[in-house]
Amino acid sequence: MPEIAAAPPTPPIPLAALLAREELGLRQIAGPVEAGAAVHWVHTSEMADPYPYLLGGELLLSAGVLLKDADMYVSRIVQAGAAALGFGVAPVYDTVPQALIEACDRHGLPLIEVPPPTTFTAVARAVWRLMAEARHRELRRVTQAQQGLAAAAARPDPVPAVLHQLAARLGGKAVLLAPDGTELSSSGRAPGPDAGAALRRLARVVNRRPAAEEAGRSGAPAGDAPAGSVPGAGEVPKPAPASGTGEATRPVRAAGEATRPVPGAGTGEAPRPARGIDEATRPVPASASDAIPGAHLAAYALGGHQGLVLGLATPRREVGDHTVAGVAVVLLSLLTAPHQGADSSGRSAALVRLLLGAGPAEAAALLGADRWTVVHARGGSGTPFAASALGAALGSALVDPADDGAVRILLPADSEVTPQPGWVLGVSSPVRPDELAAADTQAARAVHRAAATGTDLVRHRGTSLSALLAPEEAAAHARLRLAPLADSPALLDTLRNWLSLHGSWDRTAAAMEIHRNTVRQRIARCAALLDEDLDDADVRMELWFALRHT
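Please read all numbers here as calculations on a predicted model, not as lab measurements. The numbers attached to residues start from 1 for each chain and follow its sequence in the written order. Where local features are concerned, this predicted model is filtered to residues with pLDDT of at least 70; where side-chain atom pairs are given and counted, the filter is 80 or more; whole-chain, interface and lining totals use all residues. Only heavy atoms go into the side-chain values, all of them from the structure, while hydrogens and water stay out.

Regarding the sheet that holds strand β4 (residues 41-44)
Item 1. At least two DSSP bridges between two strands are needed for those strands to be called paired. To qualify as a helix, a DSSP run of H or I must reach at least 4 residues; to qualify as a strand, a run of E must reach at least 2; elements of each kind are numbered from the N terminus. Pairing is mixed in the open sheet, where five strands are placed in the order β2-β7-β6-β5-β4. The open sheet has two free edges, formed respectively by β2 (27-30) and β4, since each of these has just one partner strand. The sheet shows a mean angle of 30 degrees between the axes of neighbouring strands, direction not considered.
Item 2. Sheet topology places strand β6 (residues 84-88) next to strand β7 (residues 111-114); four bridges connect them, and they run parallel. By the bridge assignment for β7, L85 is matched with L111.
Item 3. Throughout, a residue-residue contact means that at least one pair of heavy atoms, one from each residue, lies within 4.5 Å. Here an axis means a line fitted to C-alpha atoms, over the contact stretch when the element is a helix, while the angle between two N-to-C directions is reported on a 0 to 180 degree scale. In the packing of helix α3 (residues 98-107) onto the sheet, contacts are made with β2, β6 and β7, and the angle to β2 comes to roughly 80 degrees.

Below, the structure written as structure tokens:
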């Protein structure tokens, strides 16, 4: 069946929807009824051979004025790609000719009987009305999907969120693939067990990098790929006209290439170019689609030069799916692209100077701040883009993701660091560039305390002994250390005053307005309950630390 020359601006409608309009009284009397034919437009013709005037996808309406050879007439309509034939009963024929019915059954063309009270204009008006309703539903669905995808892109971990939203909207699986086909992130459930492998093969159609690298390693010309290889160009499956039928897509050929069958069409196997075609000069398509049993597949190349591909596997192709996927492609291209901006030249210059032996202070001056804060982070979704998303949320492109999932971020000292969902953060004190190594250690200790205490964010609290422990840990230690005195507030108060006054009996008695002998008796009681020598400086230091956290 030939390609439909140009899809109309309105979505196609199922032929069954038109037959369901009771006011028209239409009835299908021949041809397949289970194929789910879709009508793209309506055309009326009384030509003996309407083939030259058909574009494909039409509901052709005729009263059979010049009908002579029914078999030839139907065969030409099928060759033109018409969706169905509507035959008007009266004024030429009282009933639909039996020869026409038999020809439509033989050639697989749906034949619709149009009763005398129903005009062709009424049929056309009903088609346009159904198309307008379908268009309205499509626009509403696309608008809702756009809003959902935009909201997902604003989440702390946007790449998985966008994939999840896309998979939910399309009812299938959305996967982000690396240039070598590795699955970087995915969401949803594939409609079949073979969909994943088929998607990876289809992704190579829109991404030439793996095949070009393979050709370079093997020494074979890229345009003369061995059988079974998939260089990623050539005849590219394109999306079929949006019919919602889930039928297999049809190939289009690259400019200047002879038409030929597509190897593996309808099986999910990526097509191969004809031998002798210069692979290096062949344009790579931005998207491709194919179909395997039970699944419709689509692959979209993301913007930039990273070679990332968005793959989609859905049970069927719905009207508006391509538009929704296009929105996701734009968002994912922005989210996965390296940070660019006016300060990128400064970062590049700082890196060059460091590599050439400059000190941190000289390099940091090119980054636009005099004092800096180091942030250590743990957590995230584990995807390759989680670190960059965290950096964007904190307002910095200076991000260092480690292999173990930890992330280090460098921020100007005046930047506000707030808790981020899914992350545990440790924040250093603001420092000069020559103190960044110490700040890195501070942030490492802080994130360790945050993880140990289940806190979202812990800040370094200076250089005192208290800074080495989280407040919760210090309070727990204090309760344990002073447990023997817990039932006697007077003893705790006396011990606190006595230690703060360096063990002076008279000054403690004056501060508490009690007799000095009372102070001696209470301190002696404290020593007995604690089973400690209170003349020992280490004991005094430990008790003072504990008293400060009660």
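Describing the confidence of the model for the chain
Item 1. Every residue is assigned a pLDDT by the predictor, reflecting its confidence on a scale from 0 to 100. Summary statistics for the chain give a mean pLDDT of 78 and a share of 78% for residues scoring 70 or more.
Item 2. Here residues 1-5 scores under 50 on pLDDT; set against residues more than four positions off or in separate chains, the count is 17 contacts.
Item 3. In this model residues 210-277 is a low-confidence stretch, pLDDT under 50, and it forms 139 contacts with partners more than four residues away in sequence or in other chains.

A word on the nonpolar core
In summary, soluble globular proteins display a tendency toward joint burial of nonpolar side chains.
Item 1. By nonpolar core is meant a set of buried Ala, Val, Leu, Ile, Met, Phe, Trp, Tyr and Cys residues that side-chain atoms within 4.5 Å join together. Only protein chains enter the area calculation, which uses a 1.4 Å probe; residues under 20% of their type maximum are buried, those over 50% are exposed, and those in between are partly exposed. By size, the foremost hydrophobic cluster in this structure holds 28 residues, and its most contacted members are L149, L166, L310 and L312.
Item 2. Only α4 (120-153), α5 (158-170), β8 (173-177), β13 (295-301), β14 (309-314) and α8 (321-336) provide two or more residues apiece to this core.
Item 3. Those residues in contact with L149, other than ones at most four positions away along the chain, are V162, Q165, L166, V324, V327, A328 and L331.

Focus on the sheet that holds strand β17 (residues 407-412)
Item 1. Overall, mixed pairing links the five strands, which are arranged β16-β17-β15-β18-β19 in an open sheet. Strands at the two margins of the open sheet, each flanked by one partner only, are β16 (399-401) and β19 (457-459). Strand after strand, the sheet turns through a mean of 15 degrees between neighbouring axes, direction not considered.
Item 2. Both β16 and β17 contribute to a ladder of three bridges, which runs antiparallel. Of the residues in β17, the one forming a bridge with D400 is R408.
Item 3. Most of the contacts of helix α11 (residues 386-394) go to β17, to which it runs at about 20 degrees, and overall it touches β15 (372-379), β16, β17 and β18 (423-427).
Item 4. Lying over the sheet, helix α12 (residues 436-453) contacts β15, β17, β18 and β19, oriented at roughly 35 degrees with respect to β15.

A short note on the pattern of salt bridges
Item 1. In what follows, salt bridge is the name for a side-chain nitrogen of Lys or Arg lying within 4 Å of a carboxyl oxygen of Asp or Glu. Applying the stated criterion across every chain yields a total of 15 salt bridges.
Item 2. With a closest N to O distance of 3.1 Å, D440 and R408 form a salt bridge. With D440 in helix α12 and R408 in strand β17, the pair connects residues that are 32 residues apart, well separated along the chain.
Item 3. Several salt bridges converge on common partners, so that one network encompasses D400, R408 and D440.

Concerning the packing of helix α15 (residues 505-512) against helix α16 (residues 516-530)
Item 1. Put simply, α15 and α16 touch, their axes get as near as 8 Å, and they point 105 degrees apart. Accordingly, the angle class assigned to the pair α15 and α16 is roughly perpendicular. Counting all contacts with α15, which are made through W505, D506, T508, A509 and M512, the residues of α16 involved are R516, V519, R520, R522 and I523.
Item 2. Looking at the contact of α15 with α16 residue by residue, the class counts come to five nonpolar, one polar and four charged. The labels follow the angle: roughly parallel below 35 degrees, roughly antiparallel above 145, roughly perpendicular from 65 to 115, and oblique for the rest. Residue type decides the class: Asp, Glu, Lys and Arg count as charged, Ala, Val, Leu, Ile, Met, Phe, Trp, Tyr, Cys and Pro as nonpolar, and the leftover types, Gly among them, as polar.

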